[in-house]
Amino acid sequence: MRIARFTQGSDPRFALVEGDGDDAELVVISGDPIYMPVQPTGERVRLNDDGVRLLAPVIPRSKIVCVGRNYVEHAHEMGSEVPEKPLLFFKPNTAVIGPDDPIIAPDWSAQVEHEGELAVVIGKVTKDVSPEAAMAHVFGFTCANDVTARDVQRAESQWSRAKGFDTSCPLGPWIVPGLDVEDLEVSVRVNGERRQHGTTSQMTFDVPYLISYISEAFTLLPGDVILTGTPAGVGRLEHRDVVEVEIEQIGTLRNPVLRR
Ligand code: ZN
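Model, not experiment: these values are computed from the prediction.

Peer 1: Would you mind going over the coordination of the zinc ion in detail, with residue names and values included?
Peer 2: Protein-derived ligands of the zinc ion are Glu115 (OE), Glu117 (OE) and Asp146 (OD), with the metal-ligand distances lying across 1.9 to 2.1 Å. Ordering the donors of the zinc ion by residue number gives the pattern E-x1-E-x28-D. Taken together, the positions of glutamate 117 in strand E11 (residues 116-122) and aspartate 146 in the loop between strand E12 (138-145) and strand E13 (148-149) put the pair 29 residues apart, joining distant regions of the chain. Across this residue pair, the class does not change: glutamate 117 and aspartate 146 are buried.

Peer 1: Can you break down the layout of surface pockets residue by residue, with the values?
Peer 2: Here the largest pocket defines a volume of roughly 380 Å³. Along its surface, the largest pocket is lined by 19 residues, and Leu47, Leu54, Pro173, Trp174 and Arg254 are the ones closest to its centre. For the lining of the largest pocket, the secondary structure elements donating two or more residues are strand E5 (53-55), strand E14 (169-176) and strand E20 (251-259). At 3 residues, the largest contribution of residues to the lining of the largest pocket is made by E20.

Peer 1: If you had to explain helix H5 (residues 207-215) to someone new, which residues and values would you point to?
Peer 2: Every buried residue belonging to H5 is among Val207, Leu210, Ile211, Ser212, Ile214 and Ser215, and all of these are buried. Elements in contact with the buried residues of H5: strand E6 (64-68), strand E7 (87-91), E11, helix H2 (131-134), E12 and strand E17 (225-227).

Peer 1: Give me the sheet that holds strand E19 (residues 242-247): which residues, what numbers.
Peer 2: Across the sheet, which stays open at both edges, the 5 strands sit in the order E9-E20-E19-E15-E16 with mixed pairing between neighbours. Two strands in the sheet have a free side with no partner beyond their single neighbour: strand E9 (103-105) and strand E16 (193-199). This sheet shows a mean twist of 20 degrees between the axes of neighbouring strands, independent of strand direction. Bridging between strand E15 (residues 185-190) and E16 involves 6 bridges; their strand directions are antiparallel.

Peer 1: Could you give an account of the pairing of E20, with specific residues and numbers?
Peer 2: Looking at chain direction, E9 and E20 are connected through 3 bridges and run parallel. Pairing of alanine 105 across the sheet is with arginine 259, part of E20. Looking at chain direction, E19 and E20 are connected through 6 bridges and run antiparallel. Bridge pairing in E20 links glutamate 246 to threonine 252.

Peer 1: Explain the packing of aromatic side chains to me, and be specific about the residues and the numbers.
Peer 2: Using the criterion set out here, one finds 5 aromatic pairs in the structure. A ring pair is formed by phenylalanine 89 and tryptophan 159, whose centres lie 5.3 Å apart and whose planes are at 70 degrees; its orientation type is edge-to-face. Of the two residues, phenylalanine 89 sits in strand E7 while tryptophan 159 sits in the loop between helix H3 (150-155) and helix H4 (160-164), which places them 70 residues apart along the sequence. With relative accessibility at 16%, the residue tryptophan 159 sits in the buried group. What links up through ring pairs into an aromatic cluster is the set Phe205, Tyr209 and Tyr213.

Peer 1: Can you tell me about the environment of glutamate 25, naming the residues and giving the values?
Peer 2: Its location among the elements puts glutamate 25 in strand E3 (residues 25-29). The spacing of glutamate 25 and alanine 15 is 10 residues in sequence and 9.0 Å in space, taken between C-alpha atoms. Each residue touching glutamate 25, except ones within four places of it in the same chain, is listed here: Leu16, Val17, Glu18, Arg44, Val45, Arg46 and Leu47.

Cut-offs applied
- Position numbers for residues count from 1 along each chain, tracking the sequence in the order it is written.
- pLDDT decides what is reported in this predicted model: residues at 70 or higher carry local features, side-chain atom pairs at 80 or more are listed and counted, and totals for whole chains, interfaces and linings draw on all residues regardless.
- Just so you know, side-chain values use all the structure's heavy atoms and leave hydrogens and water out.
- Keep in mind that water is not among the atoms, so a site may look incomplete; donors are the N, O and S atoms within 2.8 Å of the metal, or 3.2 Å for Na, K and Ca.
- Only DSSP runs of H or I covering at least 4 residues are called helices, and only runs of E covering at least 2 are called strands; the numbering of each starts at the N terminus.
- Relative accessible area decides the class of each residue, using a 1.4 Å probe on protein chains only: under 20% of the type maximum gives buried, over 50% gives exposed, and in between gives partly exposed.
- Think of a 1 Å grid over the protein atoms and nothing else: a 1.4 Å probe that fits but is trapped marks a cavity, an open set flanked by protein within 12 Å on at least five of seven lines marks a pocket, and residues with an atom within 4 Å of a point count as lining.
- Grid points are joined across faces, edges and corners, and a volume is the space filled by probe spheres set on the points.
- Should any heavy atoms of two residues lie within 4.5 Å, those residues are considered in contact.
- What makes two strands pair is DSSP finding at least two bridges between them.
- Angular values range over 0 to 180 degrees, each being the angle between N-to-C directions of two axes fitted as lines to C-alpha atoms, with helices fitted over their stretch in contact.
- Geometry of aromatic contacts follows a simple scheme: Phe, Tyr and Trp rings, the Trp one being its six-membered ring, pair when their centres are within 6.5 Å, and the pair is stacked under 30 degrees between planes, edge-to-face over 60, tilted otherwise.

Note that every value here comes from positions in space, so none of it alone points to a role or purpose.
Here it is in structure tokens:
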């Protein structure tokens, strides 16, 4: 199942995505499936129709918790070791954009980079949950790009500005519930050329452990999002680039890059 959030110009609505490519259709549902039971409205919309636009499948109500250096090869390319415990930071919900929305490179950074990541969308209030019980608190999974002002990240000991600026958290294209995420390929292409590649099996701390660890510090609320770290191959984004994060069994999140 794939759950999308979309607009035809007015208020956002939710839909189940059926079919692929040119044949994909949105089966419209009532309400927001993260927070309430939903039903099909009977309306179907072609995804390719003019005026239909996918939105970020979730706008986190309270927080996006991100995990740094969770893949060994990425930690090494950054000149770092994998931390002994998960390294956590936040992005504000104002950083979120959806599929095809532009990433706006801030004028105070000369080095904006992509980090393709598996994103976990929380479905229930989660506090002090064990790794064994953690997956029952997940609503579903989507693709994320942890866009990073690398020069600013290196210059400042707190990462809020480097990783939390407006447009630094593309999410989408939709949420897939009930996925086994132990071994999914994660890749990033820039202008069609592959830059990052890995699988979620290479994570130092796996998804159940991360949810448990994070929930010992912060109460996770429905609609909160966890970004689980990026595989090796991070690199620069330039004006007019198009960056794609593809995760096996989820889909492809595509965003253009603009520098103003
Ligand atoms: Zn990251």
